[in-house]
Amino acid sequence: DANLRAFSTVGIDYLDMIMLDYPASDCDSIKGQWKAFEEMLRAGGTRSLAVGNFDLRQLDCLLGDPALTPPVVNQLKFNAESYPSDIVEENRKRGIVVQAWSPQRVSG
């Protein structure tokens, strides 16, 4: 596998997590991107899969297909001024950890 060969070049065996950030706009394309990540998971190139900036529609796309591996993390812009409570609550219900980016309102 090309990923695993690239890892050995830089002296690592795997990534702890790989994140699909800002996915394609349509569900079929999101699933296609996600399946490529799942191949890396099966090959041992990563230990877990995550998403970044997924809204509820995009999460439903992945979680609505029981054949797909659910993400363990959804990284969102999350701070005192940007608190997407509906998305945070849905992630919690689905067992997905929310990780904040820009928690101090720095950039973005």
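These remarks concern the structure in this document. (Residues numbered from 1 in each chain as written. Predicted model: local features only at pLDDT ≥ 70, side-chain atom pairs only at ≥ 80, totals over all residues. Heavy atoms only, no water.)

**Considering the side chain of Gln 58**
- Of note, Gln 58 is situated in helix H3 (residues 56–63).
- Setting aside its immediate chain neighbours within four residues, Gln 58 contacts Pro 23, Ala 24, Ile 30 and Asn 53. (Helix = DSSP H or I, 4+ residues; strand = E, 2+ residues; numbered from the N terminus. Contact = heavy atoms within 4.5 Å.)

**Digging into the sheet that holds strand S3 (residues 73–77)**
- Strand order in this open sheet of four strands is S1-S2-S3-S4, and the pairing throughout is parallel. Unpaired on one side and paired on the other, strand S1 (18–21) and strand S4 (97–101) mark the two borders of the sheet. Strand-to-strand twist of the sheet, defined as the mean angle between neighbouring strand axes without regard to direction, takes the value 25°.
- Of the strand pairs in this sheet, strand S2 (residues 49–52) and S3 are connected by three bridges, and their pairing is parallel. In the strand pairing of S3, Ala 50 is matched with Val 73.
- With respect to the sheet, helix H4 (residues 85–93) is in contact with S3 and S4, its orientation differing from that of S3 by roughly 170°. (Pairing = 2+ DSSP bridges. Axes fitted to C-alpha atoms, helices over the stretch in contact; angles between N-to-C directions.)

**Overview of unusual backbone geometry**
- The phi dihedral of Asn 53 is positive, around 65°, even though this residue is not glycine.
- Tracing the chain through its elements places Asn 53 in the loop between S2 and H3.

**A word on the packing of aromatic side chains**
- All chains considered together, the criterion is met by one aromatic pair.
- A centroid spacing of 6.0 Å and a plane angle of 25° characterise the contact between Trp 34 and Phe 37, whose relative ring orientation is stacked. Placement of the pair is Trp 34 and Phe 37 together in helix H2 (residues 27–42), with a separation of three residues, close to one helical turn.
- Relative accessible area serves as the criterion here: at 0%, Trp 34 is assigned to the buried category.
- On the accessibility criterion, Phe 37 (16% relative accessible area) is buried. (Phe/Tyr/Trp six-rings, centres within 6.5 Å; stacked < 30°, edge-to-face > 60°. Buried < 20%, exposed > 50% of the residue type's maximum accessible area, 1.4 Å probe, protein only.)

**Comments concerning the pattern of salt bridges**
- With the rule as written, the count across this model stands at five salt bridges.
- Salt-bridge contacts for Asp 60 lead to Arg 94; the nearest nitrogen and oxygen are separated by 2.7 Å. Residue Asp 60 is found in helix H3, and its partner Arg 94 is found in the loop between H4 and S4; the two are separated by 34 residues along the sequence.
- Under the relative-accessibility criterion, Asp 60 is labelled partly exposed at 40%. (Salt bridge = Lys/Arg side-chain N within 4 Å of Asp/Glu carboxyl O.)

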